[in-house]
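# Examination of the molecular architecture
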Amino acid sequence: MTTIAIAGATGAVGQQMLECLKERNIQANLKLLASARSKGKEIDGHIVEELTQESFQGVDYVLGATGNNITKMWMPWAKEAGCIVVDNSSAYRLDEDVPLVIPEVNKEDIKNHHGLIANPNCATIIALVALHALHKKYHIKRMIVTTFQAVSGAGVQGIEDLKNQIEDENIPSKAFPYQIAFNLIPQIGDFDDLGISKEEWKMQNEARKMWHDDALKVNCTCVRVPIWRSHSESITIECENEVDVNEARELLTHAKGVLLKDDPKNQIYPMPKDTTNQDLVYVGRIRKDITDETNHTLSLFCCGDQIRKGAATNAVQILDELLKAND
Ligand SMILES: NC(=O)c1ccc[n+]([C@@H]2O[C@H](COP(=O)([O-])OP(=O)(O)OC[C@H]3O[C@@H](n4cnc5c(N)ncnc54)[C@H](OP(=O)(O)O)[C@@H]3O)[C@@H](O)[C@H]2O)c1
């Protein structure tokens, strides 16, 4: 039987990966790996092992759910052991020989892998699932995006910080630079000399790679918000072709991975509470940009569960494709 290891199995993404494997009825021996702190913990009947150089012997596939530095530590060990890895960190996403994949967008890139496939950034996955059908029809040249990112995007500690501060605002944040309860923080990742954060660059760099279009321009502002789970995004797209709101709605009705929630007069639109703990990206508030008289620009709002579709589900979908190809 196939053996699958989850590296970072005790984290927000790792625990969700375990759920997703179960939901998809993927039959395999499972190996849950985490730091020495978690050795011996039980999760859903499995005992967590400490991740060491020997952990990957006899493992066929690894689902990676650790931060960049830890991922860089164990990746050579997994490679050495001959495992195929689907990794959630940003450590290898832009490497030329590593496919970066959202199955609804560029599933065909999976076959170019050399033992490692990267899962994109969570906000980028949600945006591209929402936009892919529109991109195919209208060819998006430029996007202006503002993200509203849930605390669980910063892992288990992000959830802990919000929980603590709802009880007592004086408890300092460990995952964020400021108090997050009853607040917003317009910073996710370090800023460069242009004043653009690491998270903001990901949207342009990763979208370019998956759409195979180096001319795409993205102006992105990432904001951390005191929401448990599900990222939301306000997006304006400027396209090469003329756009039409009704046609855009029709395209999104049939788009893979999307649920259209667009009836504003009846107060129907996407909200993070509704997208939590399911895999679809909800899209709504589709409207013309009235400042563009040439009719090439559309605005919309979308939400998606970033631990599921933005991370664990996307990785398990890729794994599913690999397993099918090896059948
Ligand atoms: N959270 C999201 O919404 C999201 C979305 C997309 C991508 N990602 C990416 O997914 C990865 C995991 O994120 P997360 O949010 O799940 O983080 P998390 O909740 O902080 O979990 C981190 C995991 O890494 C493990 N770990 C830490 N140090 C380790 C060590 N020395 N050896 C082995 N394992 C170690 C932790 O184990 P212990 O419990 O033993 O410390 C835990 O299982 C990150 O690269 C993140 O950027 C996250």
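Quick caveat: nothing in here was measured; it's all calculated off a predicted structure.

The rules behind each value
- Residues numbered from 1 in each chain as written.
- Predicted model: local features only at pLDDT ≥ 70, side-chain atom pairs only at ≥ 80, totals over all residues.
- Heavy atoms only, no water.
- Helix = DSSP H or I, 4+ residues; strand = E, 2+ residues; numbered from the N terminus.
- Rg over C-alpha atoms; globule rule 2.2 N^0.38 Å.
- Buried < 20%, exposed > 50% of the residue type's maximum accessible area, 1.4 Å probe, protein only.
- Contact = heavy atoms within 4.5 Å.
- Areas by Shrake-Rupley, 256 points an atom, 1.4 Å probe, with all protein chains shown as cover.
- Right-handed = clockwise from strand over helix to strand, strands pointing away.
- Domains from an automatic or database assignment.
- Buried area = accessible area lost by both parts, 1.4 Å probe.
- Salt bridge = Lys/Arg side-chain N within 4 Å of Asp/Glu carboxyl O.
- Polar contact = N/O pair within 3.5 Å; in protein donor to acceptor, adjacent residues only side chain to side chain.
- Phe/Tyr/Trp six-rings, centres within 6.5 Å; stacked < 30°, edge-to-face > 60°.
- Near = heavy atom within 4 Å.
- Nonpolar A, V, L, I, M, F, W, Y, C, P; charged D, E, K, R; others polar.

The number of helices and strands found in the protein chain is nine helices and 14 strands. Against the compact-globule benchmark of 20 Å for 327 residues, the protein chain has a radius of gyration of 20 Å, which places it among compact chains. Taken along the three principal axes of its C-alpha coordinates, the protein chain extends 60 × 50 × 40 Å. Within the protein chain, the proportion of its 327 residues that are buried is 52%. Restricting to contacts in the protein chain with at least 6 residues of sequence separation, those with at least 24 account for 67%. For the protein chain, the exposed surface amounts to about 15,500 Å²; the carbon and sulfur share of it is 47%.

Below, the discussion takes up the pairing of strand 6 (residues 61-64). Looking along a regular strand, one sees side chains alternate from face to face of the sheet. Going residue by residue along strand 6, you find Y61 and L63 tucked away on one face and V62 and G64 tucked away on the opposite face as well. Traced from strand 6 through helix 2 (residues 68-80) to strand 7 (residues 84-87), the parallel crossover comes out right-handed.

Let us look at the domain arrangement of the protein chain. According to the domain assignment, the protein chain contains domain 1 (3-119 + 311-325) and domain 2 (123-305). Taking only C-alpha atoms, the centre of domain 1 and the centre of domain 2 are 25 Å apart. Counting residues at the interface gives 20 residues for domain 1, matched by 20 residues for domain 2. Roughly 1,500 Å² of surface becomes buried between domain 1 and domain 2 when both sides are summed, with 62% attributable to carbon and sulfur atoms. Three residues, I102, E104 and V105, lead the burial of domain 1 against domain 2; their summed loss comes to 34% of the area buried on that side. Applying the counting criterion to the domain 1 and domain 2 interface returns one salt bridge. As a salt-bridge pair, E206 and R93 come within 3.0 Å of each other at their nearest N and O atoms. Across the contact surface, domain 1 and domain 2 share seven residue pairs in polar contact (both at pLDDT 80 or more). Every element with two or more residues in the side of domain 1 that touches domain 2 is listed here: helix 1 (12-23), helix 3 (103-106) and helix 9 (308-325).

What follows is about the packing of aromatic side chains. Applying the stated criterion across every chain yields a total of two aromatic pairs. Ring centres 6.2 Å apart and planes at 45° place the aromatic pair F148 and F301 in the tilted group. With F148 in strand 9 (residues 140-149) and F301 in strand 14 (residues 297-304), the pair connects residues that are 153 residues apart, well separated along the chain.

Looking at the ligand, there are 26 residues lining it, with T10, V13, S35, S38 and T66 nearest. Between an oxygen atom of the ligand and a side-chain N or O atom of R37, the distance comes to 2.9 Å. The separation between an oxygen atom of the ligand and a polar main-chain atom of V156 is 3.0 Å. Burial of the ligand by the surrounding chains reaches 79%, relative to a free accessible area of 900 Å². Taken together, the elements giving at least two residues each to the shell around the ligand come down to helix 1 and helix 9. Taken together, the residues that form the shell around the ligand break down as 11 nonpolar, 14 polar and one charged. Looking at the shell around the ligand, you find at least three residues from each of domain 1 (3-119 + 311-325) and domain 2 (123-305).

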